[in-house]
Structure formats: structure tokens, C-alpha cells
Amino acid sequence: MKRILSIIAAGALAVLALSCNKDEKAVLKPADVTAPVLGEVSVGANVVVKYTPAVFTMSFNEMMPVYHTLGMVSVNDEACDVTLSAAKDDGAALTLKGKALTDALLLRGFEIGETVKLEVVVRASIQDPSKGVTNGYVDSADKAEINWTLKEEKQGGIPTHDGVRVYIIDETGWPAIALYMWGDVNDFGGGWPGKAVDGEFGDWKYFEYGNDIFGLAQHLIFNNNGGGTQLADYDITFESGVADYWLKVTADGVEEADAPAGDIYGDWEETNEWGAIGSIASTGNSWNADEPMLTNGTWFVARNIELTTADEFKFRKDAGWTVNFGGDCAAIGTEFAVTQDGPNIKVPADGTYDLLLNPSAAVAKIVVAGENPGI
């Protein structure tokens, strides 16, 4: 017996459940739903929102999963209703990639360089947000106001940004890592245990700081997010205008690391001939947009695409389906055959990848973002 749950978050909540018996109705009382609670909000390269999950207690759907995402409810003080389905949920916090938020605002007519005032809520539904929440949702009572500046990242290269990023290769084996600073300014970036990771770039994690860090001599203490383990101080003076610092962090200490190699695709050209399209949570792609590609005339590449094993995609030509390629990727870094109308492509492990296609040879290759593809 199928039942359809419809939740409307406007005053009292009501649900109409349709069953094989059309006269049978189920009524959802407000007491049957505990709305999610919005917690701490941090804005850096990404937007991270901590929250307490919603609880749906209706007896007829108690086994159904509850999905959480972010809802954008106003833009520059004008009401709107946008489900930001690209927000990544770990059960306690939602992380919305800066690129996904910028793309959502570009679609609303804003331009790179503009600063936009937003109000966001935590949104809960029993529908997968990547497939739409047409049957309703419940929002947190509180809203978070944030200011977001639309920035353009270098295509596939080291991202441009304001202030400073401390990039690390994390080989500690800790379940979580934080960075505490003291020195010219104590508690810079927050009191103990310090700042959590703001984002990832390929294999690197990074901590992001504003322009007020320039010129400071600081002691860096990497620690197990306050879990009782910390490394000896690592001293850095943040030189004015130096945007990126690269470190290797192990359970034994910290050392300077080499920055990633130069842009492998630096002389490739933008193209609209081919694109990658699919169900890609990190970019908000739900078979509705082509991820842009570069080409050297033979190969085409879509860069820095974060994929999970649940995501899937295909390559298509000229933003249509007359010519499209799919196939089976058995291993990262290994070429595989693609065919017309072939199966949706999936990756064998979560990660951030460059997606390569050689349509003339009907082969594709998926490599870790920034790595030399060897083509």
C-alpha cells in the first residue's frame, strides 16, 4: 500500500496520506514533527551549518529516512524559496561548497564580485533533496543571515581567494583535526581547540583566514579537535600578500610541503562542444546542467568535480542527447571504454576528480583532481 506524505510548513502542519482506500486519511499534528534546530554557522570558502536533526514520528512512515539540507529563504531582503540540495550532510553539520552557492546565485542573475545578503534555514524532508522536495518539508524556526561574495576560481588551478589559506596534507590518522593559533594574537581563528577545516582542494585540506592575519607571527598547534592529542608548536610569520601556505602534518609533527605542481591544463581552451552531466550532489547537478570542459583538441576535461559513489554522470555533445557516452570505470587513473548511450558512469571511491574524455577514441579516464592524467 503506497502512501504519499505531504508536509506544509506554514502555521499548523498537515499531512494527507493517500492509500488504496481513498476515504482513509491520516492527519499530522504539529506534535508529530520536531523541526530541525539551526546551530552554529561558519562562513569561509564554504558555508558550514551545524544543526540538531528533525524527528518525524508519524506511525505510518517511522522507518523512512529523514534528509536535511539548506533552504535559502531570502536574498537581499526579498523572500524566496530555494532548496540548496548540494549541501553535504554528515548528520551533525551541513557543508555547502562555495562554488555551489555561487552557481545558485549566478542563476538568479547576480554576477561575480557582487556581495549578496542571504537568509538560510535547515530544511528537513522525507524526500531526497537531490530529486526535489515537491511533497513538502519542515524548516528550522531560526534563520542564519550571511553575506556571500561571488568569486570565480581558476579553472582547475589553485583557487583564488581573499586572505590566507593554510593547506595541509593530513597524515595524522586522527578522526578530526583543528588548528589553534597563538602569538602576536592569541586565539586567532577561535579559542581552543581552534579552527576546523574549511574545505578541501584535491588531497589537501585547508584552514581559511582573513586579511587581518597578514604580518602576524603565530605559533600553530594542530590537534585532534581538542581530543587530547596535539603537536608541538610550528612557527610561521604570515607575510603580507602571501595567500597560501603548504604543510604536511603527521602524528609526529609538522613540516613544510611543496605546493601542487603548476596547472596541467593551463594551455587548454574552454569549449561548449562536450560537457559532463549527471546526478552530482556537490555541484547541485541533477541531470539539468553541463559541467564545463576544457580541451586540447583531442581530450576534454571537466575539472575539480567532487563525486561520491552514489553520484553518476555521462558525457554528452552540444548540450543534447543525440551523442552521449557512458561506460564502466573500474579504477581511478585507468582508461576505460565509453559507448553511445552507454551506462551511467560511477566512481569506485569518494573523492574530487578530473573527468577526461577522448571522444574520437571512445575512451575516458577519471583521475584525482590536479594529478597528471598521463595522456
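Within any chain, residue numbers begin from 1 and follow the written order of that chain's sequence. Totals for whole chains, interfaces and linings use all residues, but because this is a predicted model, local features are given only for residues with pLDDT of at least 70 and pairs of side-chain atoms are given and counted only at 80 or more. With hydrogens and water set aside, each side-chain value is computed from the structure's full complement of heavy atoms.

A. Summary view of the layout of surface pockets. Every definition here rests on a 1 Å grid over the protein atoms only: cavities are sets of points where a 1.4 Å probe fits but cannot get out, pockets are open sets enclosed by protein on both sides within 12 Å along at least five of seven lines, and lining residues have some atom within 4 Å of a point. Grid points are joined across faces, edges and corners, and a volume is the space filled by probe spheres set on the points. Put simply, the second largest pocket is a space of about 460 Å³. Taken together, 23 residues form the lining of the second largest pocket, with Ser85, Ala87, Asp128, Ser130 and Ala281 sitting closest to its centre. Elements with a contribution of two residues or more to the lining of the second largest pocket: β5 (67–75), β7 (88–89), β21 (269–280) and β24 (300–307). Here a strand is any run of E in DSSP of at least two residues, a helix any run of H or I of at least four, and the numbering for each starts at the N terminus. For the lining of the second largest pocket, the leading source of residues is β5, giving three residues. Think of it as three bins: nonpolar holds Ala, Val, Leu, Ile, Met, Phe, Trp, Tyr, Cys and Pro, charged holds Asp, Glu, Lys and Arg, and polar takes everything else, Gly as well. Classifying every residue of the lining of the second largest pocket by side-chain character gives eight nonpolar, eight polar and seven charged.

B. Expanded view of the packing of aromatic side chains. Side-chain rings of Phe, Tyr and Trp (the six-membered ring for Trp) are treated as a pair once their centres are within 6.5 Å; stacked means planes under 30 degrees apart, edge-to-face means over 60, and tilted covers the remaining angles. Inspection of the entire model under this criterion finds 13 aromatic pairs. Consider the rings of Trp274 and Phe325, whose centres lie 5.4 Å apart with planes at 15°: the pair is stacked. With Trp274 in strand β21 and Phe325 in strand β26 (residues 324–327), the pair connects residues that are 51 residues apart, well separated along the chain. The residues Trp274 and Phe325 share a single accessibility class, namely buried. Each member of the aromatic cluster is reached from another via a ring pair, and the members are Tyr167, Phe201, Trp204, Tyr206 and Trp246. Over a ring means this: the NZ of a Lys or the CZ of an Arg is within 6 Å of the ring centre and within 35 degrees of the ring normal. Its end group placed over the ring of Tyr206, Arg165 keeps NZ or CZ at 4.0 Å from the ring centre. Above the face of the Tyr209 ring, Lys195 is positioned so that its terminal group lies 5.6 Å from the ring centre. Only protein chains enter the accessibility calculation, which uses a 1.4 Å probe; a residue is then buried when its area is under 20% of its type maximum, exposed when over 50%, and partly exposed in between.

C. Molecular detail of the sheet that holds β7. One bridge is not enough; two strands pair if DSSP finds at least two bridges between them. The strand order across the open sheet built from four strands is β2-β3-β8-β7, with neighbouring strands paired in antiparallel fashion. Single-partner strands in this sheet number two, and they are β2 (37–43) and β7. With five bridges joining them, β2 and strand β3 (residues 47–52) adopt antiparallel strand pairing. Bridge pairing links Leu38 to Tyr51 in β3.

D. Just the confidence of the model for the protein chain, in detail. Residue-level confidence of the predictor, termed pLDDT, takes values from 0 up to 100. Across the protein chain, pLDDT averages 84, with 86% of residues at or above 70. Whether two residues are in contact is decided by their heavy atoms: any pair within 4.5 Å suffices. Low pLDDT (under 50) marks residues 1–28, which in the prediction has 59 contacts with non-local residues, meaning those over four places away or in another chain.

E. Empty space enclosed by the protein, seen in detail. Applying the stated criterion across every chain yields a total of three cavities of 30 Å³ or more. Taken together, Ser85, Ser130, Ser279, Ile280, Ala281, Gly284, Asn285 and Ser286 make up the lining of the largest cavity. Sorting the residues of the lining of the largest cavity by element identifies β21 and β22 (285–286) as the ones contributing at least two each. Across the lining of the largest cavity, the residue classes tally to two nonpolar, six polar and no charged.

F. Region of interest: the sheet that holds strand β17 (residues 217–223). Across the sheet, four strands lie side by side as β14-β13-β17-β18; this open sheet has antiparallel pairing. Of all the strands in the sheet, the pair left with one neighbour each is β14 (195–196) and β18 (234–237).

G. Broad picture of helix α1 (residues 98–106). Along α1, the residues classified as buried are Gly98, Ala100, Leu101, Thr102, Ala104 and Leu105. Each element contacted by the buried residues of α1 is listed here: β3, β5, β6 (78–84), β8 (93–96), β9 (115–125) and β11 (144–149).

H. Summary view of the nonpolar core. Counting 26 residues, the largest nonpolar core has Leu70, Leu96, Leu105 and Leu118 as its most contacted members. Among the secondary structure elements, those contributing two or more residues to this core are β3, β5, β6, β8, α1, β9 and β11. Aside from chain neighbours lying at most four places away, what touches Leu70 is Val49, Val82, Thr83, Leu84, Ala87, Leu94, Leu96, Val121, Val122 and Arg123. The set of buried Ala, Val, Leu, Ile, Met, Phe, Trp, Tyr and Cys residues whose side-chain atoms join them within 4.5 Å is what this entry labels a nonpolar core.

I. Just unusual backbone geometry, in detail. Residue Pro193 follows Trp192 across a cis peptide bond; omega there is 10°. Tracing the backbone shows Pro193 in the loop between β13 (178–183) and β14. The backbone of Ala319 shows a phi angle near 55°, a positive value even though the residue is not glycine. Of note, Ala319 is situated in the loop between β25 (312–317) and β26. Its relative accessible area of 52% is what places Ala319 among the exposed residues. Of note, Asp341 is a non-glycine position whose phi angle comes to about 60°, a positive value.

J. Structural context of the environment of Trp182. Tracing the sequence through the fold places Trp182 in strand β13. Owing to a relative accessible area of 33%, Trp182 belongs among the partly exposed residues under this scheme. C-alpha of Trp182 to C-alpha of Gly194: the two residues are twelve residues apart in sequence and 9.8 Å apart in space. Those residues in contact with Trp182 that lie beyond four places of it in its chain are Asp187, Gln218, His219, Ile221 and Asp233. N or O atoms within 3.5 Å of each other form a polar contact, as long as, within protein, one can give a hydrogen and the other can take it, and as long as residues adjacent in sequence are counted only when both atoms are side-chain atoms. Only 3.2 Å separates the side chain of Trp182 from the side chain of Asp233, close enough to count as a polar contact.

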